Amino acid sequence: MNVSAVTNPGAPPRVFGIVGHPVDHSLSPSIHNPLFAELGLNAVYIAIPVDPTHADRIADLIRDKNLAGVNLTVPFKERVLPLLDEVSGAARRAGAVNVVVNTNGRLAGHNTDGEGFIRALLAEGGPTRFYRGFMLKTGFVALNGAIFNAVYVGVRTVLRSYE
């Protein structure tokens, strides 16, 4: 779907994407592109397959292609950290980023994994409703973000489970 043709003929769209390996199965483009069109945004969201051996080139890719922003999957969440101009506190605590925003060539990394988890936890009554402890079963990088944010809002005990 060419969102620019729908929203603003002639102007180049802002390009967003998901970087991963593999990434062809991602539902992100089919979720974001209809939303961009519905909101009248001149933007497009694409899947960007990158071989993990080229992780050190992701920052250059974002800048060279003038991508407005990307989401990252494992294994890129940790590998991109030293390539960024800025890293948010949550990303630094988690040791990983899942969102990179490009502002005039300056790349800022963020981690929303833990924030999303905490919002859901607080919507259910907060950590005290769960006796100040709970068990998480998730991917390692998302787990780090969730743990740091859970401790921040008062959870005392987190048990981790790996497959």
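So, a few notes on the structure that sits alongside this text. Bear in mind that the values here come from a model prediction, so they are computed numbers and not experimental data.

A look at the overall build of the chain
Right, so step 1: Of regular secondary structure, the chain possesses seven helices and eight strands.
Right, so step 2: Of all 163 residues assigned to the chain, the portion counted as buried reaches 39%.
Right, so step 3: Partitioning the contacts of the chain with sequence separation of at least 6, the portion at a separation of at least 24 is 57%.

Looking at helix H2 (residues 28-38)
Right, so step 1: Residues of H2 that are buried include every one of Ser28, Pro29, Asn33 and Phe36, and no others. Along H2, the residues classed as buried sweep out an arc of 105° about the axis, all on the same side.
Right, so step 2: At the exit of H2 stands glycine 40, carrying a positive phi of roughly 75°.

Quick look at the packing of aromatic side chains
Right, so step 1: One pass over the full model with this rule turns up one aromatic pair.
Right, so step 2: Geometrically, the ring pair formed by phenylalanine 16 and phenylalanine 36 is tilted, given 5.6 Å between the ring centres and 45° between the ring planes. In this pair, phenylalanine 16 is assigned in strand S1 (residues 14-20) and phenylalanine 36 in helix H2, connecting sequence segments 20 residues apart.
Right, so step 3: Given the relative accessible area of 11%, phenylalanine 36 is considered buried.

Calculation criteria
Residues numbered from 1 in each chain as written. Predicted model: local features only at pLDDT ≥ 70, side-chain atom pairs only at ≥ 80, totals over all residues. Heavy atoms only, no water. Helix = DSSP H or I, 4+ residues; strand = E, 2+ residues; numbered from the N terminus. Buried < 20%, exposed > 50% of the residue type's maximum accessible area, 1.4 Å probe, protein only. Contact = heavy atoms within 4.5 Å. Arc of directions from axis to C-beta. Phe/Tyr/Trp six-rings, centres within 6.5 Å; stacked < 30°, edge-to-face > 60°.

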